[in-house]
Amino acid sequence: MSPTLLPTAIDAAAFDALHDDLPSWRGLLESLASALSSEPVVQMSEGTVLVALVGRSHVLKVYPPFLRDHFEFERAALALLGGRLPVPTPVLQMTGQRQGWCWLWMTRLHGDPLTAAWPGLSAVQQCALLSAVGALAAQVHALPVAGLARHAPAWPDFVASQRARCRERQQRMGLPPHLLAQLDDFLQGEVPQGPDVILSGEYTPMNLLAQGQRLVGMFDFGDGLVGPREYDWLGPLAFLAAGSAQRCQAFFAGYGVVPDAAQRLALMRLLLLHRYSNLPAQIACPGWQQAQSFEALTALVWP
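Values in this document were obtained by computation on a predicted structure and should not be read as measured data.

**Re the environment of His19**
Argument step 1. Within the secondary structure layout, His19 lies in helix 1 (residues 12-20).
Argument step 2. Along the backbone, His19 and Val49 are 30 residues apart, and their C-alpha atoms lie at a distance of 7.4 Å.
Argument step 3. In this structure His19 touches Trp25, Ser45, Glu46, Gly47, Thr48, Val49 and Leu50, once residues within four positions along its chain are discounted.
Argument step 4. Looking at His19, its side chain comes within polar contact range of the main-chain oxygen of Gly47, at 3.1 Å.

Right, dumping it as structure tokens:
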């Protein structure tokens, strides 16, 4: 892909193919980065947009036109959160666009990705870290939403849209047939409707940095939303608590809540309705596919 010939009419499928072909967009990143820094560019294969590390100090993110709302949300979130949390977030330094593709230029955080650090931590350290993640989420949720709401879909509209496509997505993602048969009835139940908070969606090990059992960074807010706080509980509870009652309790203690059985069922509905719902990748409990109902699955995942 020539850096001067960006496709302005590109859909999600075409972008995914482009994203997976790193050489095709390296020229674009080098072209943009050269105007901002003389440091080397290292492409990142992860993420939902085009991302590069530039030297040791900066990150460049480029969004296709159909993800303009993600760009706007992340830009606003970085400005709102910067300097207001005990854990560093990237500092936004510049934004721009080329042929309808928007980009962000921000500082780079340093630390060990939690995906790499987590397996080496003791049970005590894991609980301490989950408590810190819960406390961090609570601190973000206590901040005013301010103007972020205008960059995200209204929560009822988001939930309605996710309900409409949930069955097709869950079938495509490999939800066991006996659970798929129960899906429509289960989704008729309540989902959280609490007061609107800033939902970063990024309290997951992929977007947290640590040193030992201490959090030292949080990044990636492009797919954030505004809605009830429980949506942000899903990442740490699925990826990190992973069916451990002790770890679940540590997260909830850090956040400062004690959810009852009904709230945990509502969490399961949110997990099914999540923007990136993929239970085989998100539930780390061996044998979960044998759970005979969503109620049984909820008790297994969040005891």
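**Points about the pattern of salt bridges**
Argument step 1. Scanning the entire structure with this criterion turns up 8 salt bridges.
Argument step 2. A salt bridge links Asp220 to Lys61; the nearest nitrogen and oxygen atoms lie 3.2 Å apart. Highlighted residues: Asp220 in the loop between strand 9 (214-218) and strand 10 (225-227) and Lys61 in strand 3 (residues 58-63), separated in sequence by 159 residues. When sorted by exposure, Asp220 lands in the same class as Lys61, which is buried.
Argument step 3. Across the pair Arg167 and Asp184 runs a salt bridge, and its minimum N-O distance is 3.4 Å. Here Arg167 is found in helix 6 (residues 155-173), whereas its partner Asp184 is found in helix 8 (residues 183-187), with 17 residues between them in sequence.
Argument step 4. The exposure class of Arg167 is partly exposed, given its relative accessible area of 32%.
Argument step 5. When salt bridges that share partners are traced, they join Lys61, Glu74 and Asp220 into one network.

**A closer look at helix 11 (residues 261-273)**
Argument step 1. Over its 13 residues, helix 11 runs 19 Å from end to end, which matches the ideal 18 Å to within 8%, given 1.5 Å per residue.
Argument step 2. Within helix 11 the residues assigned to the buried category are Arg264, Ala266, Leu267, Met268, Arg269, Leu270, Leu271, Leu272 and Leu273.
Argument step 3. The N-capping residue of helix 11, defined by a side-chain oxygen 3.2 Å from the backbone nitrogen of Ala262, is Asp260.

**Things to note about the packing of aromatic side chains**
Argument step 1. Summed over all chains, the structure comprises 11 aromatic pairs.
Argument step 2. With a centroid separation of 5.6 Å and 75 degrees between ring planes, the pair formed by Trp233 and Phe252 is classed as edge-to-face. Of the two residues, Trp233 is situated in the loop between strand 10 and helix 9 (234-241) and Phe252 in helix 10 (residues 245-255); the sequence distance between them amounts to 19 residues.
Argument step 3. Take Phe252: its relative accessible area is 4%, and that puts it in the buried class.
Argument step 4. One aromatic cluster is present, formed by Trp233, Phe251, Phe252 and Tyr255 through successive ring pairs.
Argument step 5. Of note, Arg269 hangs over the ring of Phe186, and the distance from its end group to the ring centre comes to 4.4 Å.

**What to know about the pairing of strand 4 (residues 92-98)**
Argument step 1. Across 6 bridges, strand 4 lies against strand 5 (residues 101-107) in antiparallel orientation. Counterpart to Thr95 in the pairing with strand 5 is Leu104.

**Brief notes about the packing of helix 9 against helix 10**
Argument step 1. The geometry of helix 9 relative to helix 10 is characterised by a closest axis approach of 10 Å and an angle of 150 degrees between their N-to-C directions. On the basis of their axis angle, the class for helix 9 and helix 10 is roughly antiparallel. With respect to the hand of their crossing, helix 9 and helix 10 are arranged in right-handed fashion. Residues Pro236, Leu237, Leu240 and Ala241 of helix 9 form the contact with helix 10, whose own contacting residues are Arg247, Cys248, Phe251 and Phe252.

**Brief notes about unusual backbone geometry**
Argument step 1. One non-glycine residue, Ala146, lies in positive phi territory at about 55 degrees.
Argument step 2. Along the chain, the position of Ala146 falls in the loop between helix 5 (123-141) and helix 6.
Argument step 3. On the basis of relative accessibility, which here comes to 56%, the residue Ala146 falls in the exposed class.
Argument step 4. Here the phi dihedral of Asp220 falls at roughly 75 degrees; this positive angle occurs in a residue that is not glycine.

**A closer look at the sheet that holds strand 3**
Hydrogen bonds between backbone atoms are what pair the strands of a sheet, whose relative direction is either parallel or antiparallel.
Argument step 1. One open sheet holds the 5 strands; their spatial order is 1-2-3-5-4, and the pairing between them is antiparallel. Strand pairing shows two members of the sheet lacking a second neighbour, strand 1 (41-44) and strand 4, which therefore form its edges. Across the sheet, the axes of successive neighbouring strands diverge by a mean angle of 20 degrees, strand direction being ignored.
Argument step 2. Packed on one face of the sheet, helix 2 (residues 22-34) meets strand 1, strand 2 (50-54), strand 3, strand 4 and strand 5 and runs near 135 degrees to strand 1.

The rules behind these values
- Residues numbered from 1 in each chain as written.
- Predicted model: local features only at pLDDT ≥ 70, side-chain atom pairs only at ≥ 80, totals over all residues.
- Heavy atoms only, no water.
- Helix = DSSP H or I, 4+ residues; strand = E, 2+ residues; numbered from the N terminus.
- Contact = heavy atoms within 4.5 Å.
- Polar contact = N/O pair within 3.5 Å; in protein donor to acceptor, adjacent residues only side chain to side chain.
- Salt bridge = Lys/Arg side-chain N within 4 Å of Asp/Glu carboxyl O.
- Buried < 20%, exposed > 50% of the residue type's maximum accessible area, 1.4 Å probe, protein only.
- Expected span 1.5 Å × (residues − 1).
- Phe/Tyr/Trp six-rings, centres within 6.5 Å; stacked < 30°, edge-to-face > 60°.
- Lys NZ or Arg CZ within 6 Å of the ring centre and 35° of its normal.
- Pairing = 2+ DSSP bridges.
- Axes fitted to C-alpha atoms, helices over the stretch in contact; angles between N-to-C directions.
- Parallel < 35°, antiparallel > 145°, perpendicular 65-115°, else oblique.
- Left-handed = near helix turned anticlockwise from the far one by under 90°.

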